[in-house]
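Summary of the model geometry
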Amino acid sequence: MKTFCGRANPTTGALDWVEESEEYDYHQEIARSCYADMLHDKDRNEKYYEGIRAAVSRVKARGERVVVLDIGTGTGLLSMMAVTAGADYCYAIEVFKPMAQAATCIVERNSFSDKIKVINKHSTEVTVGPDGDMQERANILVTELFDTELIGEGALPSYEHAHMHLVQAGCEAVPHRATIYAQLVESDMLWKWSQLQPIELDGNKLLPPPAVVKCAGAPSVCDIQLSQVPPESFTPLGPICTMFSVDFSKPVSSAAQSYTAQFKAQTSGRAQVVLSWWDIDMDPDGNIVCTMAPSWIRGPSNSNTWRDHWMQSVYFLPAEEKVSEGEELNLIVSHDDYSLWYSLTQSEQNDVKVAKFRPCCTCQAHLVWTRPRFGELNDEQRTESYVNALRSILKPDSVCLSVSDGSLLPIFAHLLGSKKVIFISCSQLLHANSLKHGVQLLGIRPEQLSLADLEGNQISVLMGEPYFSTSLLPWHSLFFWYCRTAVAQLLHPNATILPRAATLYIVAVEFQDLWRIRAPCGTCEGFDVSPMDEMIQQSLDYRESWEAEPHPLWEYPCHALTKPQPVLTFDFTQCVPEQPVNSDGTVGLCHGVALWMEYQLTEDITVSLGLTKPVSEEGACEWNPHRKQGVFFFRSTRETSGNGREDLAYNLTFEPHTGDIKMDFSITEP
């Protein structure tokens, strides 16, 4: 069955009605899932296997029949490990129907159907008894219910229910426990992702709105590859603290709780950010440990451990606080059933009440802007480029129209002396800096703009960063081009467009680790999991394999195999063309290609949203940390293998009517 769905087009701004299969949503979920990443995580798999073998041995040593409950079985891997280790029977719970079907197929493929029962339910709906889903309670509880924050996927309520209804008292658990660690740091780089910083412009100091300054920020965790944050970009103000542990072999409570770590400040500074991660002990003695610590904590011996399904967490304190060396501090972590948050007090403040509910955004800015967007607005070098570009084009009689979400450009244009500035957006920044009478705010779409809105003036400067909150891929910001086309009749014949053009760049790359999220697994720890590969490929073939994916490449080291090359140029001084724009070329064989936009603000000022420096002779890449780049992963080994003499040919086509960039790659021999 198919149905018509309305989808907002991020490039054209139009509402597109498309015919979609009823399976479209779960095909997307499967195609963009991290199942492959988990199965490629050798450290995780080996530690789980070792922990399961030890747990089965302990139960057998007590003379008991081994019954395993595997919650969130996924592919059924952990259940197959348990049976291979000697378990008598396993109940494998998986709520996602396509995954449960794949698990059933994998269990059959590996000849475990007589020992493993796959149950397609949420664990809280599973029944026990003669007519139930489980004939008896389990004496080993195996789970993989964790996310980067540990509890964000509902681990606590699931464990709570399992101990009450599904497992025996005193059961074994794999993992046996989890421990949360945290470190208080000062980091201008990270703090700029949470709070707007003042900006100096021609003697004027632009201040962030008081509501933003006082706001506790976005309530969600900031999960990143902390190993890619240079240690020199932050200063530890205290030791690494053990915040709390959860013993999964005993009844677990999902009720809100708080824990405190006391320590003396190691140095004076500004307490801004808490870095956090967790370990899981697969056995009661803590001899089998799987750690999420960043590489600069793990040390060289474990530096090759990489995973994207579990990263590290950055938490921003509700407000920056000054601390002095030797000062007694309390770092407090609180949690509800799905999330964590941190606060800081001085040790003598014993009467300070810990918030029962996690802080939330009250200024709206943290709900509209992503954390990288905050970092982008605080980027002094980027701001300087835009200000210099505006200086070179603005005149005292300039009538400016700004088209971007939450941009500072209209404020800059006003302070630089423009006659009139119109902003198609909403921004508290204008009110905070007493500029609401200098910049006219219009909450309308570009095509609704009329000469009356301009008070009879023609637009002499059309400007944009461009940035739009709906953009995911680099070319989605071409919405600016469609806006320029929509207001074409209102532009002065000699109007200046900033940026004047955009160029899409491509480079062939070899990823250090990111390739794992799309690579087939085949076998994992000796088990055939190829049905999962087939399921993912089918979902990719549904549509996703023909599309690029957005990834923040500063978090994912890669090696450039070719020099970057421009493939498509979009001339914003002209309207969007009626006919497609096409580009052909070749790149070397690789894991995939990275794509990004470079904006030409003026003749001599450009801003790159991809590579921030030329690729070194060794192929080292430095990426813009504030925007995601596009990554096209190749679908099969045929596109990344050969005799070394072939090239990878590409064909990129910009479709004006849809705003899409269609991509096709194929091997060509010389």
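See the structure shown above.
Rules used in this analysis
- Residues numbered from 1 in each chain as written.
- Predicted model: local features only at pLDDT ≥ 70, side-chain atom pairs only at ≥ 80, totals over all residues.
- Heavy atoms only, no water.
- Salt bridge = Lys/Arg side-chain N within 4 Å of Asp/Glu carboxyl O.
- Helix = DSSP H or I, 4+ residues; strand = E, 2+ residues; numbered from the N terminus.
- Buried < 20%, exposed > 50% of the residue type's maximum accessible area, 1.4 Å probe, protein only.
- Expected span 1.5 Å × (residues − 1).
- Pairing = 2+ DSSP bridges.
- Axes fitted to C-alpha atoms, helices over the stretch in contact; angles between N-to-C directions.
- Contact = heavy atoms within 4.5 Å.
- Phe/Tyr/Trp six-rings, centres within 6.5 Å; stacked < 30°, edge-to-face > 60°.

**Some remarks on the pattern of salt bridges**
In the structure shown here, the tally under the stated rule is 28 salt bridges. Between Arg270 and Glu320 there is a salt bridge, with the nearest N and O atoms lying 3.5 Å from each other. One end of the pair, Arg270, is in strand 15 (residues 269-281); the other, Glu320, is in strand 17 (residues 312-323), with 50 residues separating them in the sequence. By relative accessible area, which is 25% here, Arg270 ends up partly exposed. A relative accessible area of 36% means that Glu320 is categorised as partly exposed. Sharing partners across several salt bridges, the network here consists of Arg373, Glu376, Arg382, Glu465 and Arg627.

**What about helix 3 (residues 42-61)?**
Between its first and last C-alpha atoms helix 3 spans 28 Å; for 20 residues at 1.5 Å apiece the expected length is 28 Å, and the two agree. Considered for burial, the residues of helix 3 that qualify are Asp43, Arg44, Asn45, Tyr48, Tyr49, Gly51, Ile52, Ala55, Val56 and Val59. Positive phi appears at Gly63, one or two residues downstream of helix 3, with a value of about 75°.

**Regarding the sheet that holds strand 18 (residues 328-335)**
The antiparallel open sheet is built from three strands, whose spatial order is 14-18-19. Each edge of the sheet is formed by a strand with only one pairing partner; in this case those strands are strand 14 (257-264) and strand 19 (340-346). Adjacent strand axes in the sheet meet at a mean angle of 20° when their direction is disregarded. The sheet contact formed by strand 14 and strand 18 spans eight bridges and is antiparallel.

**A few points about the sheet that holds strand 22 (residues 439-441)**
Sheet strands pair via backbone hydrogen bonds, and the direction of the pair is either parallel or antiparallel. Taken in spatial order, the five strands of this open sheet run 22-21-20-23-24, and their pairing is parallel. Of all the strands in the sheet, the pair left with one neighbour each is strand 22 and strand 24 (491-498). Shown here is a sheet whose adjacent strand axes are inclined to one another by a mean of 25°, direction ignored. Alignment of strand 23 (residues 459-463) against strand 24, held across four bridges, turns out to be parallel. Directly across from Leu462, in strand 24, lies its bridge partner Ile497. With respect to the sheet, helix 12 (residues 380-393) is in contact with strand 23 and strand 24, its orientation differing from that of strand 24 by roughly 160°.

**Examining unusual backbone geometry**
In the segment running from Glu465 into Pro466, the intervening peptide bond is cis, with an omega of -10°. Relative to the assigned elements, Pro466 resides in the loop between strand 23 and helix 15 (479-486). Cis geometry is adopted by the peptide bond preceding Pro499, which originates at Leu498 and carries an omega value of 5°. Summarising the element assignment, Pro499 is placed in the loop between strand 24 and strand 25 (501-511).

**Notes on the packing of aromatic side chains**
A ring pair, where both rings are aromatic, is described by two values, the distance of the centres and the angle of the planes. In total, this model carries 25 aromatic pairs according to the counting rule given. Judged by centre distance (5.9 Å) and plane angle (90°), the ring pair of Trp193 and Trp554 falls under edge-to-face. Placement of Trp193 in the loop between helix 7 (188-191) and strand 9 (199-201) and of Trp554 in the loop between strand 28 (549-551) and strand 29 (558-560) is noted, with a sequence separation of 361 residues between them. For Trp193, a relative accessible area of 6% corresponds to the buried category.

All we've got here are geometric facts, nothing functional implied.
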